[in-house]
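In case you want the letters, here they are:
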Amino acid sequence: MRVVRLIFQYIFTVILAMSVLVLILINILSSTILNESYIMSKLDEEDYYNKIYETAKSNFENYINQSGLDEEVLNNIITKEKIEKDTKIIINNIFDGTNTEIDTDEIKNKLNENIDNSLGRKKTATEEKTINEFVNIICNEYKTTILKTSYEGKINTFYKKAVTTIDLAKKALLILIAVLIIFIILLTIKRIYRLLARAGVAFVIDGLLLVLAKYYIDLKIKIETITILNNSVSVVLRNILRDILNIIAKDGAILLGLGIVLILIYGIIKSIRKAIRMQEQYDSEK
């Protein structure tokens, strides 16, 4: 019977370790890539809006030679403030499910004004058509550069499903962890201090897995080489991934340290109890 109880204790301890591990990973996701405030803070941290501003200007210049217009027509058609405002609209569309459109009328009007000033004369019908096409290209390029897509609604649907699933998973895991702890307590009721050892082992398992996972990912994935969409987005993505890995390593180290402390406390208590029993046996034999 004692062996059976011991086997169940270790089984419940492993399940407890896995449950805590999944809960930690879920919390990391919830506080980082699934958190709107976190994403916004990372954009500010990486000076994202200024970088996108420079990228947009550079992209616009790629079309100027094809249009036959002077480069000066692109002056001041966008501002850093507008890019920040429109980027926040896109992020709100994704996280909040709004469907706010990006207004490019301001860009269109300013660009047409610059073109009129540059030409200094009335446009011919052919020029009017060519210029309208050029203006539309610039406006579409602006939307592309700030990552305005038609998939924001689909991303929001996926985000909502992910959040709902995570919320349910958190509740289920917390209930499971509570039940496992109760079972372990019941199995160690005569020596309740053994709960410290079981919890310590669970934390050591989680800590080792998290720390090893962090270094394994570092070894296998070169984060600095990850590139997606454009350089500004890539820099933010790399920063987020580094941040997540650092959180994983930090949580792993904390759990590993806490687990070792609990196991040591268990060992000390066990040694004290053993010393007391030996002393009692010695006294009884006198």
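Residues numbered from 1 in each chain as written. Predicted model: local features only at pLDDT ≥ 70, side-chain atom pairs only at ≥ 80, totals over all residues. Heavy atoms only, no water.

Thoughts on the overall build of the chain
Using the following cut-off: Secondary structure elements are defined from DSSP: runs of H or I of at least 4 residues count as helices, runs of E of at least 2 residues count as strands, and each element is numbered from the N terminus. As defined in this context, the radius of gyration uses C-alpha atoms, and a globule is described by 2.2 Å times the residue total to the power 0.38. Three exposure classes are used, based on accessible area relative to the maximum for each residue type with a 1.4 Å probe and protein chains only: buried under 20%, partly exposed in between, and exposed over 50%. Should any heavy atoms of two residues lie within 4.5 Å, those residues are considered in contact. Shrake-Rupley sampling with a 1.4 Å probe provides the accessible areas, and residues are treated as covered by the protein chains on show and by no other component. Positive residues here are Lys and Arg, negative ones are Asp and Glu, while His and the chain termini are left out of the count. Positions of charges follow a simple convention, taking NZ of Lys, CZ of Arg, CG of Asp or CD of Glu.
Looking only at helices and strands, one finds nine helices and zero strands in the chain. Tracing the chain from N to C terminus, the helices and strands come up as α-α-α-α-α-α-α-α-α. Against the 2.2 N^0.38 benchmark of 19 Å for 286 residues, the chain shows a C-alpha radius of gyration of 30 Å, more extended than a compact globule. Principal-axis analysis of the C-alpha atoms gives the chain an extent of 120 × 30 × 25 Å. Each of the 286 residues in the chain was classed as buried or not, and the buried ones make up 36%. Within the chain, contacts between residues separated by at least 24 positions form 81% of all contacts whose residues are at least 6 apart in sequence. Split by element, the accessible area of the chain, about 17,200 Å² in all, is 61% carbon and sulfur. Charged side chains of the chain number 37 positive and 34 negative; the gap between the two group centres comes to 16 Å.

Considering the side chain of Glu141
What counts, and what does not: Salt bridge, as applied in this entry: a Lys or Arg side-chain nitrogen positioned within 4 Å of an Asp or Glu carboxyl oxygen.
One can find Glu141 in helix 6 (residues 125-145). Although Glu141 is buried, it makes no salt bridge; Lys143 carries the closest opposite charge, 13 Å away. Non-local contacts of Glu141, meaning those with residues more than four positions away in its chain, are made with Asn59, Phe60 and Tyr63.

A closer look at the packing of aromatic side chains
Going by this rule: Two aromatic rings, drawn from Phe, Tyr or Trp (for Trp, its six-membered ring), form a pair once their centres lie within 6.5 Å of each other, and the interplanar angle then sorts them: stacked below 30 degrees, edge-to-face above 60, tilted otherwise. Comment: the charge-over-ring label is applied if NZ (Lys) or CZ (Arg) is within 6 Å of the ring centre and within 35 degrees of the ring normal.
Taken as a whole and judged by the stated rule, the model has four aromatic pairs. Members of the aromatic cluster, connected to one another through ring pairs, are Phe8, Phe12 and Phe183. Between the NZ or CZ atom of Lys214 and the centre of the ring of Tyr215, over which it lies, the distance is 4.9 Å.

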